[in-house]
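Coordinate inspection notes
Residues per chain are reported as follows:
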Amino acid sequence: MTTTTTFTRNDIEIATRAADAFTRVYYTTYDSPTRVDDLPQFYRSSSTLTWNGNPCQGAEGVKKLIQDMPTTKHEVQSYDCHPIPGSQPPSLLVTVSGNVTHGRGPAGNPVSTPTKSVDGQPRVFFQSFMLVPDPTAPVVKAGEVAKYYIDADAMRFVG
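It should be emphasised that the depicted structure is a prediction, and the values quoted were computed from it without experimental measurement. (Residues numbered from 1 in each chain as written. Predicted model: local features only at pLDDT ≥ 70, side-chain atom pairs only at ≥ 80, totals over all residues. Heavy atoms only, no water.)

Considerations on the packing of aromatic side chains
We apply this condition: Ring pairs shown here join Phe, Tyr and Trp side chains whose ring centres sit within 6.5 Å, with only the six-membered ring taken for Trp; geometry is labelled stacked below 30 degrees between planes, edge-to-face above 60, and tilted in between. Per the convention used, a helix needs a DSSP run of H or I reaching at least four residues, while a strand needs a run of E reaching at least two, with both numbered from the N terminus. Note on exposure labels: buried denotes an accessible area under 20% of the residue type's maximum, exposed denotes more than 50%, and partly exposed covers the range between, all computed with a 1.4 Å probe on protein chains only.
This model, assessed by the stated rule, comprises 10 aromatic pairs. For the ring pair Tyr 26 and Phe 42, a centre distance of 5.4 Å and an interplane angle of 80 degrees mean the geometry is edge-to-face. Of this pair, Tyr 26 sits in helix 1 (residues 9-30) while Phe 42 sits in the loop between helix 2 (35-38) and strand 1 (43-51), and the two are 16 residues apart along the sequence. Comparing Tyr 26 with Phe 42, the two get one shared label, buried. Ring geometry for Tyr 27 versus Phe 129: centroids 6.5 Å apart, planes at 70 degrees, classification edge-to-face. One end of the pair, Tyr 27, is in helix 1; the other, Phe 129, is in strand 5 (residues 123-133), with 102 residues separating them in the sequence.

Some words on the pairing of strand 6 (residues 148-158)
This is how it is decided: Pairing between two strands requires that DSSP report at least two bridges joining them.
For strand 1 and strand 6, the ladder comprises five bridges, and the chain directions are parallel. Looking across to strand 6, one finds that Tyr 43 is bridged to Ile 150. One ladder, built from 10 bridges, connects strand 5 with strand 6; its direction is antiparallel. Considered in strand 6, the bridge of Gln 127 is made with Met 155.

Considerations on the side chain of Thr 101
For the record, the criterion: The criterion used for residue contact is that any of the two residues' heavy atoms lie within 4.5 Å.
Mapped onto the secondary structure, Thr 101 falls in strand 4 (residues 91-102). Once residues within four sequence positions are removed from consideration, Thr 101 is found in contact with Thr 71, Thr 72, Lys 73, Gly 120, Gln 121 and Pro 122.

Describing helix 3 (residues 58-67)
Stated precisely, the cut-off is as follows: Think of the arc as the fan of directions from the helix axis to the C-beta atoms.
For helix 3, the complete set of buried residues consists of Gly 58, Ala 59, Gly 61, Val 62 and Ile 66. Buried residues along helix 3 cover an arc of 160 degrees about the axis, so they all sit on one side. Counted as exposed and oriented over 90 degrees from the buried face of helix 3: Glu 60 and Lys 64.

This is the structure in structure tokens:
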């Protein structure tokens with residue numbers, strides 16, 4: 001027996017608001033001076049992250065990955081959100097594309113840096129997140145955005 005989940009316009013609106021809020025908060029946190037402590041809070045021990053082909057497991061894996069990474073500045077160009085049937089509130093597939101600069105940017109590179117070097121240059125990225133409702137968060141009322149955590153995250157540089 002198959003069951004069909006039909007999303008209403010309101011369900012889509014709530015999912016879109018959740019993706020908008022998540023995207024703003026996630027990348028603001030990623031680019032902050034406190035990211036090593038704050039960014040892992042978006043993940044759980046069961047979460048998986050693949051960062052440009054390099055796998056990490058859980059919040060501790062995320063912390064280890066970013067603690068040696070130079071500072072970042074993300075510029076989100078676009079994002080999209082798709083609710084996934086099966087739970088209420090639904091899990092969300094969020095896709096994001098944009099540019100990221102690691103370090104201080106081209107002006108912060110030493111004079112000896114080759115002109116074709118990617119160090120400090122903006123790079124195009126694409127990132128996909130599977131957000132799932134956080135069972136430890138307080139129950140939300142109708143029309144409110146649920147609290148989510150990152151269950152899976154895959155980031156790739158493009159080009």
